[in-house]
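# Architecture and fold: a report
Listed here are the chains, written in short residue letters.
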Amino acid sequence: ILKLKEKFFQQNGGLLLRQQLPSRGGATDSTKIFTEAELKTATNNFHSSQVLGEGGYGTVYKGTLSDNRVVAIKKSNKIDKSQTEQFINEVLILTQINHRNVVKLLGCCLETEVPLLVYEFVSNGTLSQHIQRKGAFENSSMSWESRLRIATEIASAIAYLHSAASTPIIHRDIKSANILLDDNYVAKVADFGASRLIPLDQTRVNTVVLGTFGYLDPEYFRSSELTDKSDVFSFGVILVELLTGEKPVCTERTEGQRSLAEYFLSLTEKNEEFQIIDAPADEGHLQQVLVVIEIAKKCLKWKGEERPTMKQIAADLQGLAKFNSAGWDSQPLNLEKTADLPSETKKLHSNIPSNLFDYSNQYTSETNVDLSMTIPR
């Protein structure tokens, strides 16, 4: 049995992980190597009643460790070199991330036939499950305030990956199904199997195109050149999902409207986006909705260089959330009070409603990002 376990350890990339982890700046102190016995006990021998979800990558089980911590255990569904590489990639990336809006990797198990990853358990399913169901936005947990906060949390996590992690990380598969929600509907970005570490002296990497149809950056798809702006495009699709409750791809829509991003942009060109926007109509919230629409349009620009950075987006969403409906419903704010507002939000304050769609081409808020959103716990 010991020989077999050692064989699996090597097969699952254990030697590579052993070499790589010590060089990752000590970030791995909290990453534990679990035994197979521990995880079998935690999941009642991987019983079907413990299954949380299944996908192309494998199966996720709910488990309870000996210290009563509830965890999610991801088990690859096949012995496959590319799956092993993705597994190693995910471990290496997650061991250097500590952000409250990124799912936390607690450890892994390498002595089984297929590798296992152990994460914190996030109890409330995925964002897509919540926003793509009928009547979702009538539910208080998916109120406009909640959606704006969730968008801000996702943006701050991706901004952290792009600029605050020790080596920049491009997620490469940002989608609402990879955003988990906890008991309090706090967003956690998950699934880093396809992510790429970007050397500090590079801004783009040639790579095999990976991602999910409906979220995939068209420029990356065309050129195979991955940049941080590829994540920005995918985030733009999530913003449109939060605005509309529509699926990113829908075969029931007519051709040309099947891609939510394309459909949304075609409507904005005619100022008809409110045909699909599902958001509060009251005056105060409407101003926020309009700004989010414009941020989404920026994210979905065909050329990556025309899209804002995630840091800029996070700053704008944070600024927008600070000025809730109460501020807009009363008299317009004076200049002193709007000094820390993003330029786009300021523009809405100063002249409502005549230039609501006159969104600034220049994001000027990059230096205003609230770093408390990106300080590791």
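That block above? That's the structure.
Now for a look at the structure at hand. (Residues numbered from 1 in each chain as written. Predicted model: local features only at pLDDT ≥ 70, side-chain atom pairs only at ≥ 80, totals over all residues. Heavy atoms only, no water.)

### Concerning helix α9 (residues 260-269)
Residues Leu260, Ala261, Tyr263, Phe264, Leu267 and Thr268 constitute the buried set of α9. Take α9 and look down its axis: the buried residues cluster within an arc of 165°, on one side only. Exposed side of α9, more than 90 degrees from the buried face: Glu262 and Glu269 are the residues found there. Remark: asparagine 271 follows α9 within two positions and exhibits a positive phi of approximately 55°. (Buried < 20%, exposed > 50% of the residue type's maximum accessible area, 1.4 Å probe, protein only. Helix = DSSP H or I, 4+ residues; strand = E, 2+ residues; numbered from the N terminus. Arc of directions from axis to C-beta.)

### A look at the pattern of salt bridges
Side chains carrying opposite charge are able to pair once their charged atoms draw close together. Enumeration over the complete set of coordinates arrives at nine salt bridges. Here lysine 175 and aspartate 173 are joined by a salt bridge, their closest N and O atoms 3.8 Å apart. Here lysine 175 and aspartate 173 have matching classes, each one buried. Where glutamate 272 meets lysine 270, a salt bridge forms, and the shortest distance between an N and an O atom there is 3.9 Å. A relative accessible area of 31% places glutamate 272 in the partly exposed class. (Salt bridge = Lys/Arg side-chain N within 4 Å of Asp/Glu carboxyl O.)

### Examining the environment of glutamine 288
Here glutamine 288 lies in helix α10 (residues 283-299). Taking the relative accessible area as the measure of exposure, glutamine 288 reaches 2% and is therefore buried. Within the structure, glutamine 288 has its side chain in polar contact with the side chain of tryptophan 144 (distance 2.9 Å). (Polar contact = N/O pair within 3.5 Å; in protein donor to acceptor, adjacent residues only side chain to side chain.)

### Structural notes on unusual backbone geometry
Most peptide bonds take the trans form, and the phi angle of most residues other than glycine is negative. A positive phi angle, close to 75°, is found at asparagine 68, a residue other than glycine. The topology assignment puts asparagine 68 in the loop between β3 (58-64) and β4 (70-76). For asparagine 68, a relative accessible area of 63% puts it in the exposed group. Even without being glycine, serine 224 reaches a positive phi, approximately 65°. Relative to the assigned elements, serine 224 resides in the loop between α7 (218-223) and β12 (225-227).

The analysis is restricted to geometry; functional conclusions fall outside its scope.
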